[in-house]
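# Commentary on secondary and tertiary structure
Spelled out, the chains give:
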Amino acid sequence: MLNITKVQLSASGWTLNMLSPRVATITNPLGQRKVTYFGFETEEKALQFKRWLLENTTNSTIYVRKAERLSQNWECKCWNVPTELIIQIAELDINQQTQLKQ
């Protein structure tokens, strides 16, 4: 189960939604997801993830850049990623973080 942390980005209602340490979304004032971020420690891992997304999803647009929204070094800024995939990746990230703490 995801424990989403919401950060207000603007007075008009844009919100950054932290699903896990490495997964976040931005929603508009109506609650519609506009973009998703996936964080990585290296540029190579971010590029690998971009290639995987392009091969395994349809209509995704992805930019790899130095992190601006997440605490990792690099992030993939993505549009049109299926909700189910976002949730699956966020839950996997949470599970991995939990195992590292044990």
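Residues numbered from 1 in each chain as written. Predicted model: local features only at pLDDT ≥ 70, side-chain atom pairs only at ≥ 80, totals over all residues. Heavy atoms only, no water.

Right, let's get into helix α1 (residues 43-56). Taking 1.5 Å of rise per residue, 14 residues should cover 20 Å, and α1 covers 20 Å from first to last C-alpha, within 8% of that figure. For α1, the complete set of buried residues consists of Ala-46, Phe-49 and Leu-53. Here the buried residues of α1 occupy an arc of 60° about the axis, which is enough to place them on one side. Each element contacted by the buried residues of α1 is listed here: β4 (33-40), β5 (61-66), β6 (74-79) and α2 (83-101). (Helix = DSSP H or I, 4+ residues; strand = E, 2+ residues; numbered from the N terminus. Expected span 1.5 Å × (residues − 1). Buried < 20%, exposed > 50% of the residue type's maximum accessible area, 1.4 Å probe, protein only. Arc of directions from axis to C-beta. Contact = heavy atoms within 4.5 Å.)

A full pass over the atoms with the stated rule returns 4 aromatic pairs. For the pair Phe-38 and Phe-49, a centre-to-centre distance of 4.9 Å together with 55° between the ring planes defines the contact as tilted. Of the two residues, Phe-38 sits in strand β4 while Phe-49 sits in helix α1, which places them 11 residues apart along the sequence. Across the pair, Phe-49 and Phe-38 agree in class, each one buried. Ring plane angle 40° and centroid distance 5.2 Å describe the contact between Phe-40 and Phe-49, whose orientation is recorded as tilted. In this structure, Phe-40 and Phe-49 share a single accessibility class: buried. Ring-pair connections join several aromatic residues into one group, and the members of that group are Phe-38, Phe-40, Phe-49 and Trp-52. (Phe/Tyr/Trp six-rings, centres within 6.5 Å; stacked < 30°, edge-to-face > 60°.)

In an α-helix there are 3.6 residues to a turn, and that puts residues three or four apart on one side. In this model, α2 (19 residues) spans 27 Å end to end at C-alpha, consistent with the 27 Å of a helix rising 1.5 Å per residue. Considered for burial, the residues of α2 that qualify are Leu-85, Ile-86, Ile-89, Ala-90 and Asp-93. Projected onto a plane normal to the axis of α2, the buried residues spread over an arc of 130° and lie on a single side. Of the exposed residues in α2, the ones pointing more than 90 degrees away from its buried face are Glu-84, Gln-88 and Gln-99.

This next bit is on the pattern of salt bridges. As enumerated under the stated definition, the model contains 5 salt bridges in all. Among the ionic pairs, Arg-51 bridges to Glu-44, the shortest N-O distance being 3.2 Å. Under the relative-accessibility criterion, Arg-51 is labelled partly exposed at 41%. Its salt-bridge partner being Arg-65, residue Glu-68 comes within 3.4 Å of it at the nearest N-O pair. For Glu-68, a relative accessible area of 57% corresponds to the exposed category. Beyond isolated ion pairs, a larger network of salt bridges with shared partners links Arg-22, Glu-41 and Asp-93. (Salt bridge = Lys/Arg side-chain N within 4 Å of Asp/Glu carboxyl O.)

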